[in-house]
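Topology and contacts: notes
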Amino acid sequence: MKKALAILMTLALVGSLSFAEVKIGAWGRGLFVPSYNDGDSDATSFNTVSWGGPNARVGISIIGSSDNAGFEIDMNMDGGSAGNSDQNKLWVKPTDKVKAEIGVVFDDTLRGNACYGTWNWLRTSTMGEDSIFPRINTGNGGFVLSAAPVEGLYAVASVNNIKNSVLQENLFKNAQYAIGYTIANVGTIRAQYIGVYDPSTELDSSLINAAFKFTGMENLYVDAGIFIPTKKDDFGKYDMMFNAFASYKVSAATLYASAGFATDSADFENADGELAMDLGFGVDYALAGGVTLSADIRNQNSAGSYQYGNGVTYGSGATAVQGPIEDGMTSFFVGVDKGFSNGKIGIGFQYATTTFNNWKNGGWATEKAGDQGDNATYAIPVKLEYWF
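Sequence order as written defines residue numbering, which begins from 1 separately in each chain. Local features in this predicted model are restricted to residues of pLDDT 70 or higher, and side-chain atom pairs are both shown and tallied only at a pLDDT of 80 or more, whereas totals for entire chains, interfaces and linings draw on every residue. Heavy atoms from the whole structure form the basis of all side-chain values; hydrogens and water molecules are not counted.

Turning next to empty space enclosed by the protein. The definitions used throughout rest on a 1 Å grid laid over the protein atoms alone, on which a cavity is an enclosed set of points accommodating a 1.4 Å probe that cannot get out and a pocket is an open set flanked by protein within 12 Å on both sides along at least five of seven lines; lining residues are those having an atom within 4 Å of a point. Grid points are joined across faces, edges and corners, and a volume is the space filled by probe spheres set on the points. Applying the stated criterion across every chain yields a total of one cavity of 30 Å³ or more. Taken as a whole, the largest cavity holds about 50 Å³ of empty space. Lining the largest cavity, in full, are Asp107, Thr109, Leu110, Arg111, Phe133, Pro134, Arg135, Ile136, Tyr154, Val156, Ala178 and Gln192.

Structure below.
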């Protein structure tokens, strides 16, 4: 009798989980760099990830959903310590076309894309997912309301960074309001306001962002966006930024190109008035057995090394400042991946004409106190990745 009851309880639990669609997913990536040299010291070895940090990402997600409510918990065990990553939220849909969310929320519905080559290895440029049309991101926590009232139309609004209480008068100063409309067999038009306000300094670094994604031709993807600060004097980095990305698949090859331009930027010699540039080209070539060859080349002029990188550190300690690299930066990458049903393994070679010391901690920042980043750098990353 007890055994039968246990079986019935198990079946009931499984049935309830199935009805509620509670799922477990996972994604992770790690880079082992057995050899790195910045030309200024002995070669070193370390672990890292593409976006920064000394540990591999070992992530797991628990996602629950029904017709009208759900949740998502993203966790990681990077470096052996439990932590939160990406989204941790709950949501309710009062109607089938409206959704409300509370917590740490990402909404990628309208997000752009400019990812290829070194973006997935050791990054030498910020040209990536949010370079065209940044996703909704509540930061440390917020509230999101989205709606899809008719086919092709999507609108979303969020108030961000309210984990710690904020003055009510400042609530909507750190907010995003985005709208997009998809034209069948043509593409998607998008526009948004990205509110960024610091109450401690009263600086308003908000941006207006508009973009168009073209998907009207088979195997071709084109996405382009423009950013304009609402208060240039507060924002201080540029008057206007234009970024574009394209990919085209032909037979076993996929070709990539990216371009970024920002006006009234600083370079090594001038505090403003310069045109920042970031240009990139890449290719993936699929071979038999899940093997993919990849390569890319990136170039930034002096102003671009600060707009699309993190420049270089001049001085040290309290007098250290970040600034553009005198001669800009050129980097290239070659690598090979072997893919499986739930993961991949790969090895690559990366080279940059400037000192990318921050490769030691992942990410794309150029950090080398006391010089102008003149030393070339190489790295040999080994990449492991999984997904479930």
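Next comes the rest of the write-up.
A few words on the side chain of Asn209. Checked against the element boundaries, Asn209 lands in strand E15 (residues 207-214). Here the term buried applies to any residue with accessible area under 20% of the maximum for its type, exposed to any over 50%, and partly exposed to those in between, with areas from a 1.4 Å probe on protein chains only. Residue class for Asn209 comes out buried when judged on its relative accessible area of 0%. Two N or O atoms count as a polar contact when they lie within 3.5 Å, although within protein this holds only if one can serve as hydrogen donor and the other as acceptor, and sequence-adjacent residues are included solely when both atoms are side-chain atoms. Polar contacts involving the side chain of Asn209 include one to the main-chain carbonyl oxygen of Ile132, which spans 3.3 Å. Among the polar contacts made by the side chain of Asn209, one reaches the main-chain carbonyl oxygen of Ile226 at a distance of 3.0 Å. The contact criterion used is simple: two residues touch if any of their non-hydrogen atoms lie within 4.5 Å. Asn209 has contacts with Ile132, Phe133, Pro134, Arg190, Ala191, Gln192, Ile194, Ile226 and Phe227, leaving out every residue within four places of it along the chain. Strands are runs of DSSP state E lasting at least two residues, helices are runs of H or I lasting at least four, and both sets are numbered from the N terminus onward.

Another point: the pattern of salt bridges. Should a side-chain nitrogen of Lys or Arg be within 4 Å of a carboxyl oxygen of Asp or Glu, the pair is scored as a salt bridge. For the coordinates displayed, the defined rule picks out 11 salt bridges. For the salt bridge of Lys232 with Asp239, the shortest nitrogen-to-oxygen distance reads 3.8 Å. With a closest N to O distance of 3.1 Å, Asp296 and Arg298 form a salt bridge. Pair check on accessibility: Asp296 and Arg298 agree, each one buried. Each of Asp108, Arg111, Glu129, Asp130 and Arg135 takes part in salt bridges that share partners, so that together they form one network.

Before going further, it helps to examine the pairing of strand E24 (residues 343-352). DSSP-based pairing: two strands are paired if at least 2 bridges between them are found. Both strand E23 (residues 329-340) and E24 contribute to a ladder of 10 bridges, which runs antiparallel. The partner of Lys338 across the bridge, within E24, is Ile345. Between E23 and E24, which pair antiparallel one after the other, the connecting turn spans two residues. Sheet topology places E24 next to strand E25 (residues 377-387); eight bridges connect them, and they run antiparallel. Bridge pairing in E25 links Lys344 to Glu385.

Okay, the packing of aromatic side chains next. Note on aromatic pairs: each is described by the distance of the centres and the angle between the planes. Aromatic pairs are defined between Phe, Tyr and Trp rings, using the six-membered ring for Trp, whenever the two ring centres lie within 6.5 Å; interplanar angles under 30 degrees are classed as stacked, those over 60 as edge-to-face, and all others as tilted. For the structure on display, the rule yields 13 aromatic pairs. Relative to Tyr238, the ring of Phe235 lies with its centre 4.8 Å away and its plane at 70°, an arrangement referred to as edge-to-face. The residues Phe235 and Tyr238 share a single accessibility class, namely buried. Summarising the aromatic geometry, the rings of Tyr386 and Phe388 are spaced 5.9 Å apart at their centres and angled 40° between planes, so their arrangement reads as tilted. The class for Tyr386 is partly exposed, based on a relative accessible area of 22%. According to the relative accessible area criterion, Phe388 is exposed, its value standing at 65%. Within the aromatic cluster, the residues linked to one another by ring pairs are Tyr116, Tyr221, Phe245 and Tyr256. A cation over an aromatic ring shows up here: Arg135 above the ring of Phe106, its NZ or CZ 3.6 Å from the ring centre. A ring has a charge above it when a Lys NZ or an Arg CZ is no more than 6 Å from the ring centre and no more than 35 degrees off the ring normal. Note that Arg298 overlies the ring of Tyr116, its terminal NZ or CZ placed 4.1 Å from the centroid.

It is worth spelling out the nonpolar core at this point. Side chains of a nonpolar character, in soluble globular proteins, are inclined to be buried together. The criterion is simple. A nonpolar core is a set of buried Ala, Val, Leu, Ile, Met, Phe, Trp, Tyr and Cys residues joined through side-chain atoms within 4.5 Å. Counting 26 residues, the largest nonpolar core has Val156, Ala178, Leu207, Tyr238, Met241, Phe245 and Ala262 as the members making the most contacts within it. Elements supplying a minimum of two residues to this core: strand E10 (153-159), E15, strand E16 (220-229), strand E17 (241-250) and strand E18 (253-265). Beyond its immediate sequence surroundings of up to four residues, Met241 is in contact with Gly225, Ile226, Phe227, Phe261, Ala262, Gln307 and Tyr308.

With that out of the way, let us pick up unusual backbone geometry. Keep in mind that most residues, glycine aside, have a negative phi and that most peptide bonds are trans. Positive phi outside glycine occurs at Asp86, with the angle close to 55°. If you trace the backbone, Asp86 turns up in strand E5 (residues 83-95). Positive phi, normally seen in glycine, also occurs at Asp264, with a value near 55°. Relative to the helices and strands, Asp264 resides in strand E18.

Moving on to the environment of Asn174. Along the chain, the position of Asn174 falls in the loop between E10 and strand E11 (175-183). As a C-alpha pair, Asn174 and Ser205 span 31 residues in sequence and 9.8 Å in three-dimensional space. Filtering out sequence-adjacent residues up to four positions away, Asn174 remains in contact with Ser158, Val159, Asn160, Gly195, Val196 and Tyr197. At 2.9 Å, the side chain of Asn174 forms a polar contact with the backbone oxygen of Tyr197.

The next subject is the confidence of the model for the protein chain. Per residue, pLDDT captures the predictor's confidence, and it can take any value from 0 to 100. Mean pLDDT over the protein chain works out to 89, with 90% of the residues at or above the 70 mark. Note on residues 1-18: pLDDT is under 50 here. Beyond four places in sequence and across chains, it has one contact.

For the rest of this paragraph, the subject is the pairing of E5. Here strand E4 (residues 69-76) pairs with E5 via seven bridges, running antiparallel. Among the inter-strand pairings, Met75 is bridged to a residue of E5, identified as Asn84. Two successive antiparallel strands, E4 and E5, enclose a turn made up of six residues, where Gly79 displays a positive phi of approximately 65°. Note: E5 against strand E6 (residues 98-104), six bridges, orientation antiparallel. Of the residues in E6, the one forming a bridge with Lys89 is Gly103. A loop of two residues connects E5 with E6, the two strands running antiparallel in sequence.

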